[in-house]
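Analysis of the macromolecular model
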Amino acid sequence: MINLTVNGRAVALDAEPDMPLLWAVREELQLTGTKFGCGAAQCGACTMHVAGAPVRSCLTPISSVQGPVTTIEGIANDKVGQAVQAAWVAHDVAQCGYCQSGQVMSAVALLKGNKKPSDAQIDEAMAGNLCRCGTYHRIRAAIHAAAAQLA
């Protein structure tokens, strides 16, 4: 059994230790907001937080997880998560939406560590998240708006 805390809830998973965190959360816990993108930790669609830091869950074995896991479903009651999600809607960020859970999770991690990021800092923090629709300018605007709301 692998014991984890996911979105504030203690869970015990009867799974292989090398099972990727993404599949443990999606298949075993039925939390499907986090998406599978490339399977190579290159696109960011699978981004979750482990102990507050963004990680690519598609390649993170559950046995290596040290600290609480937060998924896109887990930020609903988080002040920063709410601000980012509201800004995403206000700035009409999503087009196809596939990458957006990973984008939001990376933005939340950025704003938790940097309350007033510059464009360059946003670009650096978000660089590992790919958007096939090319909404990068709206993503940056939404992050600035969320930061302003949190100030």
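Details of the structure are given in the entry above.
The paragraphs below set out a description of the structure included in this document. (Residues numbered from 1 in each chain as written. Predicted model: local features only at pLDDT ≥ 70, side-chain atom pairs only at ≥ 80, totals over all residues. Heavy atoms only, no water.)

**Focus on the pattern of salt bridges**
Oppositely charged side chains may form a pair once their charged atoms are brought near each other. Short version of the rule: By convention in these notes, a salt bridge is any Lys or Arg side-chain nitrogen within 4 Å of a carboxyl oxygen on Asp or Glu. Going along the chain from the N terminus, every DSSP run of H or I of four or more residues is numbered as a helix, and every run of E of two or more is numbered as a strand. Only protein chains enter the accessibility calculation, which uses a 1.4 Å probe; a residue whose area is less than 20% of its type maximum is buried, one above 50% is exposed, and one in between is partly exposed.
Scanning the entire structure with this criterion turns up three salt bridges. Between Asp119 and Arg140 there is a salt bridge, with the nearest N and O atoms lying 3.9 Å from each other. You can see Asp119 sitting in helix H4 (residues 119-126) and its partner Arg140 sitting in helix H5 (residues 136-150), a full 21 residues away along the chain. Here Asp119 falls in the partly exposed class, since its relative accessible area comes to 38%.

**Section: the packing of aromatic side chains**
Each aromatic ring pair is characterised by the separation of its centres together with the angle its planes make. Our working rule: Within 6.5 Å between ring centres, the rings of Phe, Tyr and Trp (the latter by its six-membered ring) count as paired, and their orientation is classed by plane angle as stacked under 30 degrees, edge-to-face over 60, tilted in between.
Considering all chains together, one arrives at one aromatic pair under this definition. Between Trp23 and Phe36 the ring centres are 5.4 Å apart and the planes differ by 35°, which places this aromatic pair in the tilted class. Within this pair, whereas Trp23 is found in helix H1 (residues 21-28), its partner Phe36 is found in the loop between H1 and strand S3 (47-50), the two being separated by 13 residues in sequence.

**A few points about the layout of surface pockets**
This is how the line gets drawn: Only protein atoms enter the 1 Å grid used here. Points where a 1.4 Å probe fits but cannot escape make up a cavity, open sets with protein on both sides within 12 Å along at least five of seven lines make up a pocket, and a residue lines them when an atom lies within 4 Å of a point. Grid points are joined across faces, edges and corners, and a volume is the space filled by probe spheres set on the points. Note on residue categories: nonpolar means Ala, Val, Leu, Ile, Met, Phe, Trp, Tyr, Cys or Pro, charged means Asp, Glu, Lys or Arg, and polar means any other residue, Gly included.
Its volume calculated, the largest pocket comes out at about 180 Å³. Lining the largest pocket we find Gly37, Cys43, Ala45, Cys96, Tyr98, Cys99, Leu130, Cys131, Arg132 and Cys133. Of the residues in the lining of the largest pocket, the class split is eight nonpolar, one polar and one charged.

**Topic: the packing of helix H3 (residues 100-113) against H4**
Which entries qualify depends on this criterion: Structural elements are reduced to axes, namely lines fitted to C-alpha atoms, with helices fitted over the stretch in contact, and the angle between N-to-C directions of any two is expressed from 0 to 180 degrees. Orientation is classified from the angle alone, with under 35 degrees giving roughly parallel, over 145 giving roughly antiparallel, 65 to 115 giving roughly perpendicular, and any other angle giving oblique. Helix crossings get a hand from a simple test, with the near helix turned counterclockwise from the far one by less than a right angle marking a left-handed crossing and a clockwise turn marking a right-handed one. Any two residues whose heavy atoms approach within 4.5 Å at even a single point are treated as in contact.
In the contact formed by H3 and H4, the axes pass within 9 Å of each other and the chain directions differ by 130°. One finds that H3 runs oblique with respect to H4. Two packed elements cross with a definite hand, and for H3 against H4 that hand is right-handed. Two secondary-structure elements touch here, H3 through Gln103, Ser106, Ala107 and Leu110 and H4 through Gln121, Ile122, Ala125 and Met126.

**Focus on the pairing of strand S4 (residues 53-56)**
Selection criterion: Criterion used throughout: strands pair if DSSP finds at least two bridges between them.
Examined bridge by bridge, S3 and S4 share four bridges and lie antiparallel to one another. Bridge pairing in S4 links Thr47 to Arg56. Between the end of S3 and the start of S4, which pair antiparallel, lie two residues, with Ala51 showing a positive phi angle near 55°.

**Looking at the side chain of Ser101**
By the secondary structure assignment, Ser101 is in helix H3. A relative accessible area of 8% means that Ser101 is categorised as buried. Once you skip the residues sitting within four places of it in the chain, Ser101 turns out to touch Gly33, Thr34, Lys35, Ala45 and Ile72.

**Section: the nonpolar core**
Our working rule: Here the nonpolar core consists of buried residues drawn from Ala, Val, Leu, Ile, Met, Phe, Trp, Tyr and Cys, with membership extended through side-chain atoms lying within 4.5 Å.
Ranked by internal contacts, the top residues of the largest apolar core, which has 21 residues, are Val84, Trp88, Val104, Leu111 and Ile143. The element that contributes the greatest number of residues to this core is H3, accounting for six residues. One finds Ala15, Leu22, Met48 and Ile62 within the second-largest nonpolar core, a separate group that totals 20 residues.

**Overview of H3**
To be explicit about the condition: In this analysis, the expected span of each helix is defined as 1.5 Å times one less than the number of residues it contains.
The first and last C-alpha atoms of H3 sit 20 Å apart over 14 residues, in line with the 20 Å expected at 1.5 Å per residue. Within H3, twelve of the 14 residues are buried, which leaves the element mostly enclosed by the surrounding structure. Turning to H3, its buried residues number three or more, namely Gln100, Ser101, Gly102, Gln103, Val104, Met105, Ser106, Ala107, Val108, Ala109, Leu110 and Leu111. Close packing links the buried residues of H3 with S3, S4, strand S5 (69-70), helix H2 (79-90), H4 and H5.

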